[in-house]
Amino acid sequence: KGFASYDSQPNYYFRTTDEMLAEFDFLSKTKAEEIVIKNSNMVANMVEETFEPIDSDAEYNGDADELKKLTYDAANEKYGQPLPEVIENRIKSELEIICKNGKSVLQYLICEIIVKEAKKQGFETGSRGSVGASLVANLIGITNTNPLDAHYLCKKCGHIEFHSEENCGVDLPPKKCPKCNDDMERDGYSLSNEFFWGYDGEKDLDIDLNLAPEFFDKSFEIISDMFGESVVCCGNVATISAKMAHYILDEYTKRSKLKFSNIREAEYTEKISKIKKKTTRHPGGIFIIPNDKDIEDYTPIQIASDEIDKTVTHFDFRDLWDRLL
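Quick caveat, the model's predicted, so the values are computed rather than measured.

Participant: Just checking my understanding: could you explain the overall build of the protein chain for this structure?
Facilitator: What the protein chain contains, in helices and strands, is 10 helices and nine strands. By the compact-globule yardstick of 20 Å for 325 residues, the protein chain is too spread out, its C-alpha radius of gyration being 29 Å. In terms of overall dimensions, the protein chain has C-alpha extents of about 100 × 45 × 40 Å along its principal axes. Here the protein chain holds 325 residues, and the buried ones make up 35% of them. Pairs at least 24 residues apart make up 65% of the contacts formed inside the protein chain by residues separated by at least 6 positions. Carbon and sulfur atoms form 50% of the exposed surface of the protein chain, whose accessible area is close to 20800 Å².

Right, here's the structure in full:
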């Protein structure tokens with residue numbers, strides 16, 4: 001980095017007991033052993049074995065009844081009542097997985113509110129990723145992708161015909177309803193539950209919404225109004241890139257007139273590229289902290305320099321992803 005004293009810096013690394021005692025040889029042998037061995041072990045023994053630096057229990061309470069009502073109201077409006085068995089079974093299996101976890105229920109409800117408000121203000125929304133395989137998400141408006149098998153649907157009389165031999169409903173040929181002779185809607189993309197939930201419902205839900213830039217701040221306000229001080233922006237830790245690491249190493253070897261083997265060069269480049277460069281705020285990520293917890297139960301905080309009213313997690317959001325909503 002251009003510091004003239006780079007080669008005369010203290011050599012910091014983890015030392016063995018004998019090396020540590022040698023570092024304290026300006027003291028008596030007894031005093032050195034007290035500092036290096038006795039006191040270090042005393043502090044280590046004060047730390048409980050069950051100690052965790054951050055809380056691992058984040059519990060959320062989502063209104064499962066509200067999600068069920070939204071889903072079945074939309075399903076009955078579109079497919080009639082009673083629902084065809086294949087649709088009823090698909091909804092039941094998805095709701096069973098979602099409602100096991102209050103965090104998942106809350107995630108669906110928040111997305112539903114944001115999308116509904118965006119459409120109310122005239123903005124189109126989009127979702128990306130595997131959430132397109134969720135029928136519940138489609139019914140309550142989070143996605144435009146219908147994951148059911150390819151099918152015809154008559155909006156006038158409710159007649160429905162599934163065509164599982166086709167993968168994509170929009171590719172079906174136009175057809176008149178055999179009951180009322182009205183033009184039938186073609187839909188369905190043949191996406192199974194496993195795309196989103198995993199084989200046993202074990203995957204963490206990941207719903208990504210693409211919002212218009214003009215609506216983004218409004219979506220933040222909606223969530224802030226719902227959850228108040230529980231809303232925290234996601235922090236991001238930026239590290240030195242592999243390209244920059246290679247440049248730094250190259251400059252160092254030139255200044256020092258050194259030559260490393262290819263293997264050693266690759267090793268140093270990899271180590272340098274993992275070094276933290278700065279902490280930043282994720283452009284769109286938000287965490288919601290459980291009601292009975294504080295953000296400091298999970299991470300230190302920092303304040304965004306450009307937006308003094310926004311609290312940001314100091315830990316990288318990837319380290320908190322599986323704990324928080």
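Participant: What should I look at first to understand the pattern of salt bridges in this one?
Facilitator: Side chains carrying opposite charge are able to pair once their charged atoms draw close together. This model, assessed by the stated rule, comprises 16 salt bridges. Three or more residues joined by partner-sharing salt bridges are found here, namely R264, E267 and K271.

Participant: Would you mind going over the layout of surface pockets with me for this structure?
Facilitator: Picture a little ball the size of a water molecule; that probe, rolled over the atoms, points out where space is still empty. Approximately 1100 Å³ is the volume attributed to the largest pocket. Every residue lining the largest pocket is counted, 38 residues in all, and those nearest its centre are Q107, D206, I207, D208 and W321. Contributions of two or more residues to the lining of the largest pocket are made by helix 4 (85-98), helix 5 (102-120), strand 5 (208-210), helix 8 (213-227) and strand 7 (276-288). By residue class, the composition of the lining of the largest pocket is 21 nonpolar, nine polar and eight charged.

Participant: Whenever I open this one, the packing of aromatic side chains confuses me. Can you help?
Facilitator: Geometrically, a pair of aromatic rings is defined through the distance of the ring centres and the angle of the planes. Tallied over the full model, the rule gives four aromatic pairs. Judged by centre distance (6.0 Å) and plane angle (35°), the rings of F24 and F26 are tilted. Since its relative accessible area comes to 22%, F24 is described here as partly exposed. Its end group placed over the ring of Y13, R15 keeps NZ or CZ at 4.1 Å from the ring centre. Here the guanidinium or amino end of K175 rests over the ring plane of Y152, the centre of that ring lying 5.3 Å away.

Participant: I tried to follow helix 2 (residues 29-46) on my own but got confused; where do I start?
Facilitator: In an α-helix, one turn spans 3.6 residues, which is why side chains three or four residues apart end up on the same side. The terminal C-alpha atoms of helix 2, which comprises 18 residues, lie 25 Å apart, in line with the 26 Å expected from a rise of 1.5 Å per residue. At I35, helix 2 shows its maximal bend, which comes to roughly 30°.

Participant: I tried to follow the environment of V312 on my own but got confused; where do I start?
Facilitator: Along the chain, the position of V312 falls in strand 9 (residues 311-313). Judged by relative accessible area, which is 2%, V312 ranks as buried. Sequence separation between V312 and G235 is 77 residues; the distance between their C-alpha atoms is 5.4 Å. In contact with V312, not counting residues within four places along its chain, are V232, C233, C234, G235, T280, R281, P300, I301, Q302 and A304.

Participant: Is there a simple way to think about the side chain of S104 in this case?
Facilitator: Looking at the element boundaries, S104 is found in helix 5. Setting aside its immediate chain neighbours within four residues, S104 contacts I98 and L205.

Participant: Where do I start with a nonpolar patch on the surface in this structure?
Facilitator: Where nonpolar side chains cluster on the molecular surface, the patch consists of M42, V43 and M46 and spans about 330 Å² of accessible area. Structurally, the position occupied by M46 is in helix 2.

Participant: I tried to follow the sheet that holds strand 3 (residues 160-162) on my own but got confused; where do I start?
Facilitator: By way of backbone hydrogen bonds, the strands of a sheet pair with one another, either parallel or antiparallel. Read from one edge of the open sheet, three strands run 3-2-4, paired in antiparallel fashion. Of all the strands in the sheet, the pair left with one neighbour each is strand 3 and strand 4 (185-187). Looking at each pair of strands side by side, their axes are set apart by 20° on average, direction ignored. Pairing between strand 2 (residues 151-153) and strand 3: three bridges, direction antiparallel. Bridge pairing links Y152 to E161 in strand 3. Seen against the sheet, helix 3 (residues 64-79) touches strand 2, strand 3 and strand 4 and runs at an angle of roughly 80° to strand 2.

Participant: Would you take a moment to explain the environment of G122 for this structure?
Facilitator: Structurally, G122 can be placed in the loop between helix 5 and strand 1 (126-128). Residue G122 is classed as exposed on the basis of its relative accessible area of 64%. Each C-alpha atom of the pair G122 and F215 lies 9.8 Å from the other, and the pair is 93 residues apart in sequence.

Conventions and cut-offs
- Along each chain, the written sequence defines residue order, and numbers are assigned to residues from 1.
- pLDDT decides what is reported in this predicted model: residues at 70 or higher carry local features, side-chain atom pairs at 80 or more are listed and counted, and totals for whole chains, interfaces and linings draw on all residues regardless.
- Hydrogen atoms and water are omitted, and side-chain values are computed over all heavy atoms in the structure.
- Labels follow the DSSP assignment, with helices taken as runs of H or I lasting at least four residues and strands as runs of E lasting at least two, numbered in each case from the N terminus.
- In this description the radius of gyration comes from C-alpha coordinates, and the expected globular size is given by 2.2 Å times residues to the power 0.38.
- Each residue is placed in one exposure class: buried if its accessible area under a 1.4 Å probe, protein chains only, is under 20% of its type's maximum, exposed if it is over 50%, and partly exposed if it falls in between.
- The contact definition used throughout considers only heavy atoms, calling two residues in contact when any of these lie within 4.5 Å.
- Using a 1.4 Å probe, accessible areas were evaluated by the Shrake-Rupley method; residue-level cover was limited to the displayed protein chains.
- Put simply, a salt bridge is a Lys or Arg side-chain nitrogen that is within 4 Å of an Asp or Glu carboxyl oxygen.
- Detection works on a 1 Å grid of protein atoms alone, calling trapped sets that fit a 1.4 Å probe cavities and calling open sets with protein on both sides within 12 Å along at least five of seven lines pockets, with lining residues defined by an atom within 4 Å of a point.
- Grid points are joined across faces, edges and corners, and a volume is the space filled by probe spheres set on the points.
- In this count, Pro and Cys sit with the nonpolar residues alongside Ala, Val, Leu, Ile, Met, Phe, Trp and Tyr, while Asp, Glu, Lys and Arg are called charged and the others, Gly among them, polar.
- What counts as a ring pair is set by centres within 6.5 Å for rings of Phe, Tyr and Trp (its six-membered ring), and what kind of pair is set by the plane angle: stacked under 30 degrees, edge-to-face over 60, tilted for all other angles.
- Two limits define a charge over a ring: the Lys NZ or Arg CZ must be within 6 Å of the ring centre, and within 35 degrees of the ring normal.
- To estimate how far a helix should extend, the number of its residues minus one is multiplied by 1.5 Å.
- To obtain the bend at a residue, axes are fitted to the seven residues ending there and to the seven starting there, and the angle between these axes is taken.
- The patches described consist of residues with a relative accessible area above 30% and no salt bridge, like charges being joined within 9 Å and nonpolar side chains (Val, Leu, Ile, Met, Phe, Trp, Tyr) within 5 Å.
- Any two strands with at least two DSSP-identified bridges between them are counted as paired.
- Axis geometry follows a simple rule: fit a line to the C-alpha atoms, using only the stretch in contact for helices, then measure angles between N-to-C directions, giving values from 0 to 180 degrees.

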